[in-house]
Amino acid sequence: MINTKLENGLRLALVLVLLSISHSQAQITIDTSFTAERLVKKILIGNGVLVGPVSYQGPKHAIAYFRDPAFNVHLEEGIILTSGNAFFVKGPNRVPDRGWASGTTGDEDLDQLSAGKTHDAAILEFDFVTSSEYLSFNFRSEEH
C-alpha cells in the first residue's frame, strides 16, 4: 500500500485542471454546489483508493463539478479547479484579457515554484492510499 500526499507538482496540475475547452461548449454543465469531499470521493477517485482528509481553500466559484456529454474536453465528467470562475469554462474564451479576479490570496508553495507572487489560488488537498502501485489522473489545462 502506498500512502501519498499530493505534492507541489500535482497540486499545480490540479490547479490547471480541465480548463481547455473546444468551440462547442453549449452542452457543458457546471455545478458549484458539490463539497470538496464529495468531488474527490465520488468524481475524482475510482476503485481501489481510500481517501483521507479532504480540504479545499479558495472561493466557492473556483471549484466545480462538470458534465460534458458531448465530450468537448475529452472527459465526460470531472472537477474544475480554476484561479477564476468555473462558470467561465463554458466560454467562449476568445478574449485574451478576459478573466475573473477573486481578490484572494495565492499559495506559498506555488509562490516558491514560480519565483513570484500568486493570486486567487484554488487548492484541493487530500491524502489517499492505493491498493496498487499504479495511479493516474486525467487533466486538461488552458495554459500553453
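Residues numbered from 1 in each chain as written. Predicted model: local features only at pLDDT ≥ 70, side-chain atom pairs only at ≥ 80, totals over all residues. Heavy atoms only, no water.

**Student:** Talk me through the sheet that holds strand 2 (residues 29-31); I want residue IDs and the actual numbers.
**Tutor:** Spatially, 3 strands are ordered 2-4-5 in an open sheet, and the strand pairing comes out antiparallel. The open sheet has two free edges, formed respectively by strand 2 and strand 5 (77-81), since each of these has just one partner strand. Looking at each pair of strands side by side, their axes are set apart by 30° on average, direction ignored. Pairing of strand 2 with strand 4 (residues 63-67) involves 3 bridges; the strand directions are antiparallel. Bridge assignment links Thr29 to a residue of strand 4, and that residue is Arg67. Its contacts with the sheet place helix 2 (residues 36-44) against strand 4 and strand 5, and it is angled at close to 145° to strand 5. (Pairing = 2+ DSSP bridges. Helix = DSSP H or I, 4+ residues; strand = E, 2+ residues; numbered from the N terminus. Axes fitted to C-alpha atoms, helices over the stretch in contact; angles between N-to-C directions. Contact = heavy atoms within 4.5 Å.)

**Student:** Which residues make up the side chain of Thr82, and what values do they have?
**Tutor:** Structurally, Thr82 can be placed in the loop between strand 5 and helix 3 (108-114). The exposure class assigned to Thr82 is buried, which follows from its relative accessible area of 7%. Here Gly84 takes part through its backbone nitrogen, which lies 2.9 Å from a polar atom of the side chain of Thr82. (Buried < 20%, exposed > 50% of the residue type's maximum accessible area, 1.4 Å probe, protein only. Polar contact = N/O pair within 3.5 Å; in protein donor to acceptor, adjacent residues only side chain to side chain.)

**Student:** Break down the nonpolar core for me, with residues and values.
**Tutor:** Residues Leu39, Ile63, Leu81, Leu124 and Phe126 are the most contacted members of the largest nonpolar core, which totals 15 residues. Listed by contribution, the elements that provide at least two residues to this core are helix 2, strand 4, strand 5 and strand 6 (123-130). The residues contacting Leu39, other than those within four sequence positions of it, are Phe34, Leu44, Ile63, Ala64, Tyr65 and Ile79. Of all hydrophobic cores here, the second largest spans 9 residues; its members include Ala64, Phe66, Ala86 and Val89. (Core = buried A, V, L, I, M, F, W, Y, C linked by side-chain atoms within 4.5 Å.)

**Student:** Please provide a residue-by-residue account of the confidence of the model for the protein, values included.
**Tutor:** Mean pLDDT for the protein: 77, with 74% of residues reaching 70 or above. For the protein, the element scoring lowest by mean pLDDT is strand 1 (residues 2-5), at 40; strand 4 scores highest, at 94. Ignoring residues within four places in sequence, the model shows residues 1-25, a span with pLDDT below 50, making 72 contacts including any to other chains. (pLDDT = per-residue confidence, 0-100.)

**Student:** Tell me about the packing of aromatic side chains, and name the residues and values.
**Tutor:** Taken as a whole and judged by the stated rule, the model has 2 aromatic pairs. Geometrically, the ring pair formed by Phe34 and Tyr65 is stacked, given 4.9 Å between the ring centres and 15° between the ring planes. Taken together, the residues Phe34 in the loop between strand 2 and helix 2 and Tyr65 in strand 4 connect sequence positions 31 residues apart. In terms of burial, Phe34 and Tyr65 fall into one category: buried. (Phe/Tyr/Trp six-rings, centres within 6.5 Å; stacked < 30°, edge-to-face > 60°.)

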